[in-house]
Amino acid sequence: MLPLALDLDSVLADTRPLWTDWLEDVSRRAHVESAVPQDRIAAAALLDERLGDWRPLLERFAADRAPVYFRPHGDTGAVLRRLHAAGARIGVFTDAPRELADIALAHVGAARRVEVVGTLDEVLAALGSDTTVVHSRDELNAAAAVYHSGHGTR
């Protein structure tokens, strides 16, 4: 089986609602415009200009509220455990800031099964161009079924 690159927001934990709430909160507290690009990489560059060292603020906000926003999916966790135990290399890609991604992964119980976190390009560079990109839980289940049938495990 080829390595897997999982879309954080559609497979493991949707970080957008927490991101949106943080933007509203930081806008109110810091008296800055909360309108930023949808692409969070572009938004991060804009926040660097407007707020400077905003990442610790996001990290604290996310850590305090993560249990409300992120819930583990038992079936997805089981698939990740089986894949990891079978030796699959797993990466997670997102446009979310790393601080937010790491907290989300920890709260859904996936952090220790993930080898690399970054943008899709970064994950593919780390895992190889033959990596299977997974955009949904259904695709993850299908990839796991192929992996396990190819390795003779169930």
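Everything below is about the structure shown above.
Calculation rules
- Residue positions are counted from 1 within each chain, in the order its sequence is given.
- In keeping with the predicted nature of the model, local features appear solely for residues at pLDDT of at least 70, side-chain atom pairs appear and are counted solely at 80 or more, and the whole-chain, interface and lining totals rest on all residues.
- Here the side-chain values reflect all heavy atoms present in the structure, with hydrogen atoms and water set aside.
- For helices the rule is a DSSP run of H or I covering at least 4 residues; for strands it is a run of E covering at least 2, with both sets numbered from the N terminus onward.
- Radius of gyration: over C-alpha atoms. The globule rule applied is 2.2 Å multiplied by the number of residues raised to the 0.38 power.
- Only protein chains enter the area calculation, which uses a 1.4 Å probe; residues under 20% of their type maximum are buried, those over 50% are exposed, and those in between are partly exposed.
- The contact criterion used is simple: two residues touch if any of their non-hydrogen atoms lie within 4.5 Å.
- For this count, His and the chain ends are skipped, Lys and Arg are scored as positive, and Asp and Glu as negative.
- To locate a charge, take NZ of a lysine, CZ of an arginine, CG of an aspartate or CD of a glutamate.
- In a helix, the anticipated span is given by 1.5 Å times the number of residues less one.
- Pairing of aromatic side chains here covers Phe, Tyr and the six-membered ring of Trp, requires ring centres within 6.5 Å, and sorts the geometry by plane angle: under 30 degrees stacked, over 60 edge-to-face, intermediate tilted.
- DSSP bridges decide pairing: two strands pair if at least two such bridges lie between them.
- Every angle, taken between N-to-C directions, lies between 0 and 180 degrees, and every axis is a line fitted to C-alpha atoms, over only the stretch in contact when it is a helix.
- Should a side-chain nitrogen of Lys or Arg be within 4 Å of a carboxyl oxygen of Asp or Glu, the pair is scored as a salt bridge.

### Overview of the overall build of the protein chain
And then number 1: Counting its secondary structure elements, the protein chain contains 8 helices and 4 strands.
And then number 2: Moving toward the C terminus, one meets the helices and strands of the protein chain in the order β-α-α-α-α-α-β-α-β-α-β-α.
And then number 3: On C-alpha atoms alone, the protein chain measures out to a radius of gyration of 17 Å, which is about the 15 Å that the 2.2 N^0.38 rule sets for 154 residues.
And then number 4: Its C-alpha atoms put the protein chain at 60 × 30 × 20 Å along the principal axes.
And then number 5: The burial tally for the protein chain puts 44% of its 154 residues in the buried class.
And then number 6: Looking at the protein chain alone, contacts between residues at least 24 apart form 77% of all its contacts between residues at least 6 apart.
And then number 7: Of note, the protein chain has its 17 positive side-chain charges centred 7 Å away from the centre of its 23 negative side-chain charges.

### Examining the environment of S129
And then number 1: Locating S129 in the fold gives a position in the loop between α7 (120–127) and β4 (132–134).
And then number 2: Residue class for S129 comes out exposed when judged on its relative accessible area of 78%.
And then number 3: When the C-alpha positions of S129 and L51 are compared, they lie 36 Å apart, and in sequence the two are 78 residues distant.

### Considerations on helix α2 (residues 16–30)
And then number 1: For α2, which comprises 15 residues, the first-to-last C-alpha distance of 21 Å matches the rise-based estimate of 21 Å (1.5 Å per residue) to within 8%.
And then number 2: For α2, the set of buried residues is L18, W19, W22, L23, D25, V26 and S27.
And then number 3: Residues of α2 that are buried make contact with α3 (40–51), α4 (55–69) and α6 (98–107).
And then number 4: Immediately downstream of α2, the backbone of H31 shows phi near 55°, a positive value.

### Re the packing of aromatic side chains
To describe a pair of aromatic rings, one takes the distance between the centres and the angle between the planes.
And then number 1: Per the counting criterion, the structure on display carries 3 aromatic pairs.
And then number 2: Plain terms: the ring middles of W19 and W22 are 5.6 Å apart, the flat faces sit at 35° to each other, and that makes the pair tilted. A residue pair is termed a helical-turn pair when its members lie 3 or 4 positions apart in one helix, as W19 and W22 do in helix α2 at 3 residues. Here W19 matches W22 in class, with each residue buried.
And then number 3: When the centroid spacing of 5.7 Å and the interplanar angle of 40° are considered together, the rings of W22 and W54 count as tilted. Of the two residues, W22 is situated in helix α2 and W54 in the loop between α3 and α4; the sequence distance between them amounts to 32 residues. As far as burial versus exposure is concerned, W22 and W54 are alike and both buried.
And then number 4: Grouped by ring-pair contacts, the aromatic residues W19, W22 and W54 constitute a single cluster.

### Some points on the side chain of T76
And then number 1: Within the secondary structure, T76 is located in helix α5 (residues 74–85).
And then number 2: Excluding residues within four positions of it along the chain, T76 makes contact with V11, L12, R137 and L140.

### A closer look at the sheet that holds strand β3 (residues 116–118)
Whether parallel or antiparallel, the strands of a sheet pair through hydrogen bonds between backbone atoms.
And then number 1: If you walk across this open sheet you meet the 4 strands as β3-β2-β1-β4, and the pairing is parallel. In this open sheet, the two strands that pair with only one neighbour each are β3 and β4. Averaged over all pairs of adjacent strands, the angle between their axes in this sheet comes to 20°, without regard to strand direction.
And then number 2: The sheet contact formed by strand β2 (residues 90–93) and β3 spans 3 bridges and is parallel. Bridged to V92 within β3 is V117.

### Let's talk about the pattern of salt bridges
And then number 1: If you walk through the whole model with that rule in mind, you get 8 salt bridges.
And then number 2: For D25, the salt bridge identified is with R28, shortest N-O distance 2.7 Å. Highlighted residues: D25 and R28, both in helix α2, separated by 3 residues, approximately one helical turn.
And then number 3: Accessibility expressed as a relative area gives 9% for D25, which makes it buried.
And then number 4: Here R98 ties to D102 by a salt bridge, and the two come within 2.7 Å at their closest N and O atoms. Of the two residues, R98 and D102 are both situated in helix α6; the distance of 4 residues between them amounts to about one turn of the helix.
And then number 5: Given a relative accessible area of 33%, D102 falls into the partly exposed group.
And then number 6: Beyond isolated ion pairs, a larger network of salt bridges with shared partners links D9, R16, R40 and D95.

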